[in-house]
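In case you want the letters, here they are:
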Amino acid sequence: MFQRDYILRLIEMMGELARRIGEMLDEMERKRLLDQKSRDCCGVPLSTLENVSAESLCELLAVQPRLLASEVLYLRAAEAVWEQREALLLKSLRLLASLHEEGPLCETRLERMTELKAAVLPLLTADDLMACACFFSQAEGYGEMEDALFQALEPERGCACPRELARRGAEMLRRAAHADEQTLILCGMTSRELELSAQELRQRYN
């Protein structure tokens, strides 16, 4: 669905929007600009993005508007008080993670996903973390993928089927272990480390 050139143009567009927002002194003016961008790019007002659940937005929005909605929510979060900011960042993460099958997008937005995950980690469920792991896998960010898989299995995440999640995670780690050497160097992992992590997941939940 996404071509790299399109994603880079999108990032440039959203960066320009962030710059314009940063230059505005009036909060209502900043919100109006975000609302207009939401209507233009996502087909819905900003209030819909803020108040409708991430699950419903994923059903409502096609793939490209969903990515743009994630970007708009990320910018909106910068203007919000802390409690609202967390909720907006969590929704931004869930919309972005729902696009984990889009390889070029995942590669380009690896840093953003890493930032979002760190910001709202205490709020993430096992399903959220598994979606993050799939996103990181597509982006060849295997260190982040490994962290997300093990975090998904922490008791407080409420995983309903830890054995199945561990099986899937071990498969992902084994596939990653067969990546080319340059890819593994760039992500700071070795084939042996990934194989050992896969073995640990299997043993822990077998």
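To keep things clear, this report deals only with the structure shown in the data block.

1. Some words on the overall build of the protein chain
On a plain count of helices and strands, the protein chain comes out with 13 helices and 0 strands. Beginning at the N terminus, the succession of helices and strands in the protein chain can be written as α-α-α-α-α-α-α-α-α-α-α-α-α. Relative to its length of 206 residues, the protein chain is compact, with a C-alpha radius of gyration of 18 Å against a globular reference of 17 Å. Overall, the protein chain is about 55 × 35 × 30 Å in size when its C-alpha atoms are taken along their principal axes. Partitioning the intrachain contacts of the protein chain with sequence separation of at least 6 by distance along the chain shows that 64% fall at a separation of at least 24. Carbon and sulfur atoms make up 48% of the accessible area of the protein chain, which totals about 10,600 Å². Side chains of the protein chain give 26 positive and 36 negative charges; the mean places of these two sets differ by 2 Å.

2. Section: the packing of helix H11 (residues 162-177) against helix H13 (residues 191-205)
As a packed pair, H11 and H13 sit with axes 8 Å apart at the nearest point and diverge in direction by 165°. On the basis of the axis angle, H11 is roughly antiparallel to H13. Crossing of H11 over H13 shows left-handed handedness. For the pair H11 and H13, contact is made by Pro162, Arg163, Ala166, Gly169, Ala170, Leu173, Arg174, Ala176 and Ala177 and by Ser191, Leu194, Glu195, Ser197, Ala198, Leu201, Arg202 and Tyr205, respectively. Considered class by class, the residues forming the contact of H11 with H13 number 10 nonpolar, 3 polar and 4 charged.

3. A word on helix H10 (residues 142-152)
Of all 11 residues that make up H10, 9 are buried, and the element is covered over most of its length. Residues of H10 that are buried include every one of Tyr142, Gly143, Met145, Glu146, Ala148, Leu149, Phe150, Gln151 and Ala152, and no others. Against helix H8 (110-120), helix H9 (126-138), H11, helix H12 (181-187) and H13 lie the buried residues of H10.

4. Considerations on the environment of Glu101
With respect to the helices and strands, Glu101 occurs in the loop between helix H6 (82-97) and helix H7 (103-108). On the accessibility criterion, Glu101 (64% relative accessible area) is exposed. With 38 residues separating them in the primary sequence, Glu101 and Ala139 have C-alpha atoms 9.9 Å apart.

5. Let's talk about the state of the cysteines
For the structure on display, the rule yields 0 disulfides. Between Cys132, a cysteine without a disulfide, and Cys134, which holds the nearest cysteine sulfur, the sulfur-to-sulfur distance is 9.3 Å. With no disulfide of its own, Cys134 has Cys106 as its nearest cysteine by sulfur position, at a separation of 9.3 Å. Look at Cys134 and you get buried, because its relative accessible area is 14%.

6. Here we look at the packing of H6 against H9
Put simply, H6 and H9 touch, their axes get as near as 9 Å, and they point 50° apart. Between H6 and H9, the angle falls in the class oblique. In the crossing of H6 with H9, the sense of the turn from one axis to the other is left-handed. For the pair H6 and H9, contact is made by Leu90, Leu93, Arg94, Leu96 and Ala97 and by Asp128, Ala131, Cys132 and Phe135, respectively. Residues of the contact of H6 with H9, tallied by class, amount to 7 nonpolar, no polar and 2 charged.

7. Description of the pattern of salt bridges
Within the structure shown, the criterion is met by 13 salt bridges. In this structure, the salt-bridge partner of Glu79 is Arg30, at a minimum N-O distance of 2.5 Å. Highlighted residues: Glu79 in the loop between helix H5 (63-77) and H6 and Arg30 in helix H2 (residues 27-42), separated in sequence by 49 residues. Overall, Glu79 belongs to the partly exposed group, its relative accessible area being 24%. Residue Arg157 pairs with Glu154 through a salt bridge whose shortest N-O separation is 3.1 Å.

Quick notes on the rules
- Residues numbered from 1 in each chain as written.
- Predicted model: local features only at pLDDT ≥ 70, side-chain atom pairs only at ≥ 80, totals over all residues.
- Heavy atoms only, no water.
- Helix = DSSP H or I, 4+ residues; strand = E, 2+ residues; numbered from the N terminus.
- Rg over C-alpha atoms; globule rule 2.2 N^0.38 Å.
- Contact = heavy atoms within 4.5 Å.
- Areas by Shrake-Rupley, 256 points an atom, 1.4 Å probe, with all protein chains shown as cover.
- Lys, Arg positive; Asp, Glu negative; His and termini not counted.
- Charge placed at Lys NZ, Arg CZ, Asp CG, Glu CD.
- Axes fitted to C-alpha atoms, helices over the stretch in contact; angles between N-to-C directions.
- Parallel < 35°, antiparallel > 145°, perpendicular 65-115°, else oblique.
- Left-handed = near helix turned anticlockwise from the far one by under 90°.
- Nonpolar A, V, L, I, M, F, W, Y, C, P; charged D, E, K, R; others polar.
- Buried < 20%, exposed > 50% of the residue type's maximum accessible area, 1.4 Å probe, protein only.
- Disulfide = S-S within 2.5 Å.
- Salt bridge = Lys/Arg side-chain N within 4 Å of Asp/Glu carboxyl O.

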